[in-house]
Amino acid sequence: MTATKGLEGIVAAQSQVSSIIDSTLTYVGYDIDELAEKASFEEVVYLLWHKRLPNAEELAEIKEQLAENMTLPQGIIDHFKLYPIDQVHPMAGLRTAVSMLGLFDEEAEVMEEAANYRKALRLQAKVAAVVTAFSRIRKGLEPVAPKKELSYAENFLYMLDGEEPEAIAIEAMNKALVLHADHELNASTFTARVCVATLSDIYSGVTAAIGALKGPLHGGANEQVMIMLEEIGSVDNVEPYIQSKIENKEKIMGFGHRVYRNGDPRAKHLKEMSRQLTELKGMPEYYEMSVKIDDYFTKAKGILPNVDFYSATVYHSLGIDHDLFTPIFAVSRMAGWTAHILEQYENNRLIRPRAEYVGPDLRKYVPVEER
Ligand SMILES: CC(=O)SCCNC(=O)CCNC(=O)[C@H](O)C(C)(C)COP(=O)(O)OP(=O)(O)OC[C@H]1O[C@@H](n2cnc3c(N)ncnc32)[C@H](O)[C@@H]1OP(=O)(O)O
Ligand SMILES: O=C([O-])CC(=O)C(=O)O
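Residues numbered from 1 in each chain as written. Chains lettered and ligands numbered in written order. Predicted model: local features only at pLDDT ≥ 70, side-chain atom pairs only at ≥ 80, totals over all residues.

Participant: Quick rundown of the overall build of the protein chain? Include the residues and the values.
Facilitator: Scanning the protein chain from N- to C-terminus turns up 16 helices and three strands. Taking 2.2 N^0.38 as the reference for a compact globule, 371 residues should give roughly 21 Å; the C-alpha atoms of the protein chain span a radius of gyration of 21 Å, in line with that estimate. Each principal axis of the C-alpha atoms in the protein chain carries an extent, and together these give about 70 × 55 × 45 Å. In the protein chain, which comprises 371 residues, the proportion classed as buried is 46%. For the protein chain, contacts bridging at least 24 residues in sequence account for 77% of all contacts bridging at least 6. (Helix = DSSP H or I, 4+ residues; strand = E, 2+ residues; numbered from the N terminus. Rg over C-alpha atoms; globule rule 2.2 N^0.38 Å. Buried ≥ 20, exposed ≤ 12 C-beta atoms within 10 Å, placed from the backbone. Contact = placed C-beta atoms within 7 Å.)

Participant: So what's going on with the site of ligand 1? Which residues, and what values?
Facilitator: Around ligand 1, 17 residues are found, and the nearest of them are A221, K251, F255, G256 and R258. Partitioned by chemical class, the residues of the shell around ligand 1 number seven nonpolar, seven polar and three charged. (Near = placed C-beta within 6 Å. Nonpolar A, V, L, I, M, F, W, Y, C, P; charged D, E, K, R; others polar.)

Participant: So what's going on with the sheet that holds strand 3 (residues 30-31)? Which residues, and what values?
Facilitator: Strand order in the open sheet made by the three strands is 1-2-3, with antiparallel pairing throughout. Looking at strand neighbours, the two that pair on one side only are strand 1 (18-21) and strand 3, the edges of this open sheet. Examined bridge by bridge, strand 2 (residues 24-27) and strand 3 share two bridges and lie antiparallel to one another. For T26, the partnering residue across the bridge sits in strand 3 and is D31. (Pairing = 2+ DSSP bridges.)

Participant: Mind laying out unusual backbone geometry, listing which residues take part and the relevant values?
Facilitator: Here the phi dihedral of S23 falls at roughly 65°; this positive angle occurs in a residue that is not glycine. For S23, the location among the structural elements is in the loop between strand 1 and strand 2. In the Ramachandran plot, L199 falls in the positive-phi region, its phi being about 65° despite a non-glycine side chain. As for its placement among the helices and strands, L199 is situated in the loop between helix 9 (187-196) and helix 10 (202-213).

Participant: Can you lay out the UniProt feature "active site" (unreviewed entry) in the protein chain for me, pointing to particular residues and giving the numbers?
Facilitator: Under the UniProt annotation, "active site" (unreviewed entry) lies at H257 and D308. In terms of the greatest pairwise C-alpha distance, the residues named above, spread along 52 residues, form a tight cluster of at most 10.5 Å across. For H257, the location among the structural elements is in the loop between helix 12 (238-247) and helix 13 (267-280). Assessed through the 20 C-beta atoms surrounding it within 10 Å, H257 is described here as buried. Contacts of H257, omitting those with residues within four sequence positions, involve D264 and N306. Tracing the sequence through the fold places D308 in helix 15 (residues 307-317). With 29 C-beta atoms counted inside 10 Å, the residue D308 sits in the buried group. Ignoring anything within four residues of it in the chain, the contact list for D308 reads A221, N222, V225 and G254. (UniProt positions renumbered as here; feature names shortened; annotations may be inferred.)

Participant: How would you sum up helix 11 (residues 221-232)? Please name residues and give values.
Facilitator: In this model helix 11 runs 16 Å from its N-terminal to its C-terminal C-alpha over 12 residues, within 8% of the 16 Å that 1.5 Å per residue would give. Among the residues of helix 11, A221, N222, E223, Q224, V225, M226, M228 and L229 are the ones counted as buried. Looking at the buried residues of helix 11, the elements they touch are helix 14 (284-301), helix 15 and helix 16 (325-346). Downstream of helix 11 by one or two residues, G233 has phi in the positive range, about 80°. (Expected span 1.5 Å × (residues − 1).)

Participant: Requested: an account of the environment of A36, with residues and values cited.
Facilitator: Within the secondary structure, A36 sits in helix 1 (residues 32-38). On the basis of neighbour count, A36 is assigned to the buried category, with 22 C-beta atoms found within 10 Å. Residues A36 and R363 lie 327 residues apart in sequence; the distance between their C-alpha atoms is 59 Å. The contacts of A36, once residues within four sequence positions are left out, are K175, V178, L179 and H269.

Participant: Hey, could you go over the nonpolar core for me, with residue numbers and the actual values?
Facilitator: Core analysis: the largest hydrophobic core is formed by 105 residues, its most contacted members being V44, L48, A128, V130 and V206. A per-element tally of this core places helix 16 first, with 11 residues. A domain-level breakdown of this core finds at least three residues from each of domain 1 (28-215 + 322-346) and domain 2 (221-317). With residues near it in sequence (within four places) discarded, L48 still touches V17, Y27, V28, A181, D182, A335, G336 and A339. (Core = buried A, V, L, I, M, F, W, Y, C linked by C-beta atoms within 7 Å. Domains from an automatic or database assignment.)

Structural data, given as structure tokens:
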């Protein structure tokens, strides 16, 4: 038995949710390039769960159900006041709050298919409420209730700021949500599937997934990109900064990918949004710095930007706190996690690989007084 480090190249499950073939990403057969331009996030959520696009009636229904369920039990709001919320990373807050949601859900332990769909819907709705309530409470503000008539992206921004967002912000948020919704067997989705393959519940699966997404080698990279841009500070400083990182063999966050070696198809959409939004918001230097990093690092190392690189400046130009970037990724990826969890339940088998043992040879136990 020989281990493959990081399970590279191992095909660990069959899935109908999304595919990456020759650097083309599809959700249930639809090219991400087309979905990014044309689809609403709600359509994508429906698509990932039901493996087909909704008709007009079904779309109206899922929109309404999501907006209606974007409320939190008072116990979740109260628990945010139990710890020093302004010192806690919002991904840690999200991980705990999403786990707590299960404690308030009467169907949490009901394993029937219909109940699992209902829970997926509640999770998708409430994750937006958790992230926005966390953000407001740590600023000393009250959470804002969603509006039934708003779309998912609109409600997210509305619950975050307390003001109805402008059209360009809604468009950008919708596109970002569509682009991040699923990505085959990425680390957090795999984590979710491993968890529920023991026939554990959906809340356990998504809580485990949030923990995996939090790390800077995965979803946490988008926040790190912004930290890097702030450190660099000016277009003139890009080359010396990146060069010194290369010389010190340090990673450039937002670059590289386990599966895409010729570029992440989502990056171009985020790059264009970053260009438009930074210009509109009077901060074009963030886009210029990003492009210079991209050009310099790509030329030096041949490693291309991933989804996290340009998403950072998109969210920054929308005025979003930097440590909320990864929680927003989780808001979108909830759709993919729940779709994969539902798929795992449908055709389940325990996921239990083997380890290649590289420890000491067989030896005898020595009593403590003789050691
Ligand atoms: C949503 C997402 O999860 S997208 C990924 C988000 N993560 C990041 O942006 C963090 C930065 N990137 C990385 O750490 C990696 O590219 C990963 C984790 C995404 C992929 O990792 P792996 O598939 O294991 O690639 P691996 O780390 O083996 O990289 C291969 C080589 O490229 C180098 N490399 C890969 N990414 C980077 C990077 N961002 N900066 C510098 N060097 C890099 C590695 O150091 C390695 O070099 P070596 O062969 O000289 O040792
Ligand atoms: O697929 C991966 O390894 C990481 C990624 O891009 C994602 O989760 O969107």
